[in-house]
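Survey of secondary and tertiary structure
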Amino acid sequence: MIIIHSEEHRLQSGRSELNDGQLVPCYEKPERADIIRDRLAAIGVGPMVTPDPHGLEPLARVHDAGYLSFLQSAWDEWLVEHGDWDALPLNWVAPGMHRRVVPRSIDGRLGYYSFDAGTPITAGTWRAATAAANSALTGADRLRAGDRSAFALCRPPGHHAGRAYYGGYCFLNNAAIAAQSLRDNGAARVAVLDVDYHHGNGTQEIFWERGDVLFVSLHADPIDEFPYFSGHADETGAGAGAGATLNLPLPWGTDWAAYAEALAVAARRIGDFAPDALVVSLGADTYGGDPISRFRLLSEDFLRMGAALAAMNLPTLFVMEGGYAVADLGVNVGNVLTGFEGA
Ligand code: OKP
Ligand code: ZN
């Protein structure tokens, strides 16, 4: 399958994130994409191409206009105010406070448009994030052209980014942007299956009231795990989207046997929905060796995951999300794709 990849991902290289009470080096770092790229080249998954530019319009189909202009100018404003150090938010709205007025200061707006302190904005963030979105969009174009599958090897990831907020290492929701692009170019129904360890709260929010895009997610139970405030089983969508969200939260320690059962439930729901295309938010942080996650999948299980995804028998766009066990990340992602292709 074709791999879409831009070197511009390197422009997102934050110094630190707030984790366990400390500023620690960012887990979401350029080496992640390098090791995947090298592994896919070594095993010959497919040709690698650079993404085509798609402009702002497909981003604005998913994200709020004010949010997009904030993201574009945030670094420059921060630089003037605080100098050349990563921008991190420090304050958020609490229930009973008001977010009716968008703050004027950059510090206020960082909090207004975010939900955590793990997601630094740097000089290159906007360019890296748009390159990632363009990779996902180019992958969507390939499905439209008739490819059975494509892999957007992108970072920063996207599934935590909502219509008007960033967080969880995500700025633009690459998978949602691709799903919307598929809808806008002829697909009547699109399913997004999120297999990242963390709940794809941003994707859920974006399609919450949409009956034309099914969102299905397997993830660590938010009662224990980030992002904490999204991803419970009783969140099923609203309005026209009532019933078009399916959350399958799983406990810490989940291994392949339990994971495979949930994946079968997901597959049945996706089959019933009969989409024209499937977008897979592919996180490999379900791996037992992941430094910030607590599932127990083995490298060989990712082959099985790929085969299970192929059995859904749909045009499939893989969009890279998380996975922080860098040394094994190339093998694990490569296994999903070869498991998919071999099936
Ligand atoms: C992004 B993606 C762990 C802190 C976790 C944020 C995790 C973001 C994951 N102590 N902070 O879904 O892989
Ligand atoms: Zn994750």
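All values derive from a computational prediction rather than experimental measurement.

Details of the overall build of the protein
A tally of helices and strands in the protein yields ten helices and ten strands. A globule of 343 residues ought to have a C-alpha radius of gyration of about 20 Å, and the protein, at 18 Å, matches this closely. Overall, the C-alpha framework of the protein stretches about 55 × 45 × 40 Å when taken along its three principal axes. Of all 343 residues assigned to the protein, the portion counted as buried reaches 55%. Contacts in the protein between residues far apart in sequence, at least 24 positions, make up 77% of those at least 6 positions apart.

Re the confidence of the model for the protein
Of the residues in the protein, 100% reach a pLDDT of 70 or more, and the chain-wide mean stands at 98. Overall fold confidence for the complex sits at a pTM of 0.98, while the interface term, ipTM, reaches 0.98.

Some details on the UniProt feature "domain: Histone deacetylase" (unreviewed entry) in the protein
Residues annotated by UniProt as "domain: Histone deacetylase" (unreviewed entry) correspond here to residues 28–337. End C-alpha to end C-alpha, residues 28–337 measures 21 Å, and it is 40% helix and 12% strand.

Observations concerning helix α10 (residues 326–342)
Taking 1.5 Å per residue as the helical rise, α10 with its 17 residues ought to reach 24 Å, and the 24 Å between its terminal C-alpha atoms agrees with that figure. Those residues of α10 hidden inside the fold are in contact with α1 (30–43), β5 (149–152), β9 (277–282) and α9 (299–310).

Description of the environment of G96
Within the secondary structure layout, G96 lies in the loop between α3 (65–82) and α4 (106–112). As for G96 and L297, which are separated by 201 residues in sequence, their C-alpha atoms are 41 Å apart.

Structural notes on the site of ligand 1
Around ligand 1 there are 15 residues in total, and G168, H198, F226, I292 and G322 lie nearest to it. Considered class by class, the residues forming the shell around ligand 1 number four nonpolar, seven polar and four charged.

A word on the sheet that holds strand β8 (residues 245–250)
The strands making up a sheet associate through backbone hydrogen bonding, with each pair oriented either parallel or antiparallel. Across the sheet, which stays open at both edges, the eight strands sit in the order β4-β1-β5-β10-β9-β6-β7-β8 with parallel pairing between neighbours. If you trace the sheet from one side to the other, it starts and ends with β4 (48–49) and β8, each paired once. Where strand β1 (residues 2–4) meets β5, three bridges bridge the pair, whose relative direction is parallel. Residue pairing for β5: I3 is matched across the bridge by F151. Lying on the sheet, helix α8 (residues 256–273) is in contact with β6 (190–194), β7 (213–220), β8 and β9; it crosses β7 at an angle near 175°.

Structural notes on unusual backbone geometry
Glycine aside, a negative phi is what most residues show, and trans is what most peptide bonds show. Between R155 and the following residue, P156, the backbone shows a cis peptide bond with an omega angle of -5°. Positionally, P156 belongs in the loop between β5 and α6 (174–184). With a phi angle near 75°, Y169 is a residue other than glycine that sits in the positive phi range.

Notes on the environment of R163
With respect to the helices and strands, the residue R163 is situated in the loop between β5 and α6. Assessed through the 14 C-beta atoms surrounding it within 10 Å, R163 is described here as partly exposed. C-alpha of R163 to C-alpha of H63: the two residues are 100 residues apart in sequence and 4.3 Å apart in space. In this view, R163 contacts V62, H63, D64, E205 and I206; residues no more than four positions away in its chain are not counted.

Remarks on α9
Under the 1.5 Å per step criterion, the end-to-end length of α9 is 18 Å for twelve residues, consistent within 8% with the ideal 16 Å. For α9, the complete set of buried residues consists of D301, F302, L303, M305, G306, A308 and L309. As for α9, its buried residues are in contact with α8, β9, β10 (316–320) and α10.

What to know about the nonpolar core
One finds A136, A152, A178, V279, V280, L317 and V319 to be the most contacted residues of the largest nonpolar core, which totals 103 residues. Discounting residues that sit within four places of it in the chain, V319 has contacts with A136, G139, A152, C154, N174, A175, A178, V279, V280, S281 and L282.

A look at the pairing of strand β2 (residues 16–19)
Of the strand pairs in this sheet, β2 and strand β3 (residues 22–25) are connected by four bridges, and their pairing is antiparallel. Bridge pairing links E17 to V24 in β3. Adjacent in sequence and paired antiparallel, β2 and β3 are bridged by two residues, among which D20 carries a positive phi angle near 50°.

Some thoughts on the packing of α8 against α9
It is the contact of α8 with α9, at a shortest axis distance of 11 Å, that shows an interaxial angle of 10°. The angle between α8 and α9 places the two elements in the roughly parallel class. Remark: the crossing between α8 and α9 carries right-handed chirality. Residues W256, A260, L263 and A267 of α8 form the contact with α9, whose own contacting residues are D301, R304 and A308. Considering only residue class, the contact of α8 with α9 consists of five nonpolar, no polar and two charged.

Analysis parameters
Residue numbers run consecutively from 1 along every chain, following the written order of its sequence. For this description, chains carry letters from A and ligands carry numbers from 1, given in the order in which they are written. Local features in this predicted model are restricted to residues whose pLDDT is 70 or higher, and side-chain atom pairs enter the listing and the counts only when it is 80 or higher, whereas totals over whole chains, interfaces and linings include all residues. Helix and strand definitions here come from DSSP, where helices need a minimum of 4 consecutive H or I residues and strands a minimum of 2 consecutive E residues; each element is numbered from the N-terminal end. The quantity called the radius of gyration is restricted to C-alpha atoms. Its globule counterpart is 2.2 Å times the number of residues to the power 0.38. Around each residue's C-beta, the other C-beta atoms within 10 Å are counted; 20 or more make the residue buried, 12 or fewer make it exposed, and counts in between make it partly exposed. All C-beta atoms are placed from the backbone. Each residue gets a C-beta atom placed from its backbone, and two residues are in contact if those atoms lie within 7 Å. Every residue gets a pLDDT, meaning the predictor's confidence in that residue, from 0 to 100. UniProt positions are given in the numbering used here, feature names are shortened, and annotations may be inferred rather than shown by experiment. To estimate the expected span of a helix, subtract one from its residue number and multiply by 1.5 Å. The criterion for a residue being near a molecule or strand is a backbone-placed C-beta atom within 6 Å of that molecule or strand. Classes in brief: Ala, Val, Leu, Ile, Met, Phe, Trp, Tyr, Cys and Pro nonpolar; Asp, Glu, Lys and Arg charged; the others, Gly included, polar. By the convention used here, strands pair only if DSSP detects at least 2 bridges between them. Orientation is described by lines fitted to C-alpha atoms, with helices fitted over the stretch in contact, and by angles between N-to-C directions that extend from 0 to 180 degrees. Note on terminology: a nonpolar core is any set of buried Ala, Val, Leu, Ile, Met, Phe, Trp, Tyr and Cys residues joined through C-beta atoms within 7 Å. By definition in this entry, angles of less than 35 degrees are roughly parallel, angles greater than 145 are roughly antiparallel, angles of 65 to 115 are roughly perpendicular, and the rest are oblique. Handedness of a crossing is defined here by the sense of rotation of the near helix relative to the far one, left-handed for an anticlockwise turn of less than a right angle and right-handed for a clockwise turn.

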